[in-house]
Amino acid sequence: MPTEPKFLRVFEGEVFDVPPIWFMRQAGRYLPEYRALRAKVGSFLDLCFNSDLASEVTLQPIRRFDLDAAILFADILLIPHALGQNLRFVEGEGPRLEPVVTAGDLDGFRAQDVRPALSAVFETVSKTRTALPDDKALIGFAGAPWTVATYMLAGGPMKDPAVLRKRFYQEREFIDGLINVLVEKTIDYLLAQIEAGADAVQLFDTWAAGLPWPVLDAVSLRPLEKIARAIKKAHPDTPVILFPKGVGEKCGEYALLQGCDGLGIDYAMDPSWARANLAERVVVQGGLDPLLVVSGGEEMEKTAETYLKLFHDVPYVFNLGHGFTPETPPENVARLVDVIRNGQ
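Given the structure is predicted, the values throughout are model-derived calculations rather than measurements.

### Observations concerning the overall build of the chain
Helix and strand content of the chain: 16 helices and nine strands. Compactness check: the chain gives a C-alpha radius of gyration of 19 Å against a globular reference of 20 Å for 344 residues, within 12% of the reference. Taking the principal axes of its C-alpha atoms as reference, the chain extends roughly 60 × 45 × 40 Å. Relative to its full complement of 344 residues, the chain shows a buried share of 59%.

Printed below as a string of structure tokens:
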């Protein structure tokens, strides 16, 4: 009989002395094997849409660190690209989406089937699941509608969230329409990932911070709940993890959402508060500051031990409070994994 991944057993309520481990952005620029492969291909998008290479990148950190789960190598902006926005990545600046979305685009978006344009992503999922050992889980993912919308509305990263809040107040019908389109397309996208072999899915709402409660409820919580409920209706046994970065104690509201099985906490979250207020409702994941892994050493190890001790008696997934940065030394990652698995 195949061995059920430790990562999935946590979501069935199992508590481990050594929790399952994976890391956000565990595949990518900090790994020399990724940089070597990246130098051989064209653009970042070329890599995302080459299922053989994207699968190889997804598997690289599993081979190096023997982690408990792989996460699909892709990008949160592939949905707007599939809807017709031209996506490119500018070195040192980040993504650019053109043309900027207007209300006149929504009807066309509603009619667009994103699955054909994203078929290479589903091939990556299938190839990776086939290549992974039975005891390793594969996590699919998407950007949350609000986070994706911020890029679509700005044409790139929105540096001043106040601009988007203003648009929410002044153009509510348009913003609601765009969010609703993204909810629908994200459901399709994640269901296709699960059908291709993803064992769990995570939604990243990395631009949720700083929103007043009525705005957060409208553009982040309710859309995420719609997505989570749709996934659970189709695949009741597939864990759904939400990562609303920077929302603080409002995480308690996300933990109550129907369909939310796990909640990623960021590095600004007090882990003691998370243990007291979240861990009895959902599987808590993450928390460690990724910059501690850049510096490594005793402070990284002591902080990791703090998370292990706080969550020792509940289902918990060890992870970061955001993704690895490019300057992270791989040897520090290896040391962190060793500390989690073997102690000091």
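Continuing now.
### What to know about the layout of surface pockets
It is a probe the size of a water molecule, rolled over the atoms, that shows where empty space is left. Approximately 1,500 Å³ is the volume found for the largest pocket. The wall of the largest pocket is formed by 43 residues, among which R25, R29, F44, D75 and F89 lie closest to the centre. Counting residues per element, the ones that place at least two in the lining of the largest pocket are α2 (32–38), α3 (44–48), β2 (86–90), β3 (94–98) and α8 (145–154). In terms of residues, the lining of the largest pocket owes the most to one element, β2, which gives four residues.

### Some points on the sheet that holds strand β8 (residues 283–286)
Taken in spatial order, the seven strands make up an open sheet running β1-β4-β5-β6-β7-β8-β9, and their pairing is parallel. Every interior strand has two partners, whereas the edge strands, β1 (69–71) and β9 (316–317), have only one. Sheet analysis places strand β4 (residues 137–143) next to strand β5 (residues 200–205), joined by five bridges and oriented parallel. Note that in β5 the partner of F141 across the bridge is Q202. Across the sheet, helix α10 (residues 172–196) lies against β4 and β5, angled at about 165 degrees from β4, the strand it touches most.

### Re the nonpolar core
Soluble, globular proteins show a tendency: their nonpolar side chains are buried together. If you look at the biggest cluster of nonpolar residues, it comprises 131 residues, and the most contacted ones within it are F7, F23, Y254 and F318. With 14 residues, α10 is the single largest residue contributor to this core. The contact partners of F23, leaving out residues within four places of it in the chain, are L67, F318, N319, L320, F324, V333, L336 and V337.

### Quick word on the packing of aromatic side chains
If you walk through the whole model with that rule in mind, you get 13 aromatic pairs. Measuring from centroid to centroid gives 4.5 Å for F311 and Y316, while their planes differ by 5 degrees, and the two rings are stacked. Taken as a pair, F311 and Y316 share a single burial class, namely buried. An aromatic cluster is defined as three or more aromatic residues linked by ring pairs; in this entry it consists of Y34, F44, F73 and F89. Over the ring of F16 we find K6; its NZ or CZ atom is 5.1 Å from the centre of that ring.

### Observations regarding α10
End to end, α10 covers 36 Å across 25 residues, agreeing with the expected 36 Å (1.5 Å per residue, within 8%). Counted residue by residue, α10 has 18 buried out of 25 residues, so it is predominantly covered. Remark: G197 follows α10 within two positions and exhibits a positive phi of approximately 135 degrees.

### A look at the packing of helix α9 (residues 161–170) against α10
Axis separation between α9 and α10 bottoms out at 5 Å; the angle between their running directions is 105 degrees. By the angle class used here, α9 and α10 are roughly perpendicular. On α10, the residues that touch R167, F168 and Q170 of α9 are R172, F174, I175 and D176. A breakdown of the residues in the contact of α9 with α10 according to their chemical character gives three nonpolar, one polar and three charged.

### Comments concerning the packing of helix α4 (residues 51–65) against helix α7 (residues 119–131)
One can describe the packing of α4 onto α7 by two numbers: an axis separation of 8 Å at closest approach and a directional angle of 50 degrees. Relative to α7, α4 is oriented oblique. Read as a crossing pair, α4 and α7 show a hand that is right-handed. Residue-level contacts link S51, D52, A54, S55, T58 and L59 of α4 to A120, E123, T124, K127, T128 and A131 of α7. Of the residues that constitute the contact of α4 with α7, the class distribution is four nonpolar, five polar and three charged.

### Focus on the environment of D66
Summarising the element assignment, D66 is placed in the loop between α4 and β1. For the pair D66 and I21, spaced 45 residues apart in sequence, the C-alpha separation works out to 9.1 Å. Setting aside residues up to four positions removed in sequence, D66 forms contacts with P61, K136 and R341. A distance of 2.6 Å separates the side chain of D66 from the side chain of K136, its partner in a polar contact.

### A look at the UniProt feature "domain: Uroporphyrinogen decarboxylase (URO-D)" (unreviewed entry) in the chain
UniProt's feature table lists "domain: Uroporphyrinogen decarboxylase (URO-D)" (unreviewed entry) at residues 20–29 and 139–155, given in the numbering used throughout. Its end C-alpha atoms 23 Å apart, residues 20–29 is made of 0% helix and 0% strand. Secondary structure over residues 139–155 splits into 59% helix and 29% strand, and the C-alpha atoms at its two ends are 28 Å apart.

Reading the values: rules and limits
Residues numbered from 1 in each chain as written. Predicted model: local features only at pLDDT ≥ 70, side-chain atom pairs only at ≥ 80, totals over all residues. Heavy atoms only, no water. Helix = DSSP H or I, 4+ residues; strand = E, 2+ residues; numbered from the N terminus. Rg over C-alpha atoms; globule rule 2.2 N^0.38 Å. Buried < 20%, exposed > 50% of the residue type's maximum accessible area, 1.4 Å probe, protein only. 1 Å grid on protein atoms, 1.4 Å probe; cavity = no way out; pocket = protein on both sides within 12 Å on 5 of 7 lines; lining within 4 Å. Points joined across faces, edges and corners; volume = space filled by probe spheres on them. Pairing = 2+ DSSP bridges. Contact = heavy atoms within 4.5 Å. Axes fitted to C-alpha atoms, helices over the stretch in contact; angles between N-to-C directions. Core = buried A, V, L, I, M, F, W, Y, C linked by side-chain atoms within 4.5 Å. Phe/Tyr/Trp six-rings, centres within 6.5 Å; stacked < 30°, edge-to-face > 60°. Lys NZ or Arg CZ within 6 Å of the ring centre and 35° of its normal. Expected span 1.5 Å × (residues − 1). Parallel < 35°, antiparallel > 145°, perpendicular 65-115°, else oblique. Nonpolar A, V, L, I, M, F, W, Y, C, P; charged D, E, K, R; others polar. Left-handed = near helix turned anticlockwise from the far one by under 90°. Polar contact = N/O pair within 3.5 Å; in protein donor to acceptor, adjacent residues only side chain to side chain. UniProt positions renumbered as here; feature names shortened; annotations may be inferred.

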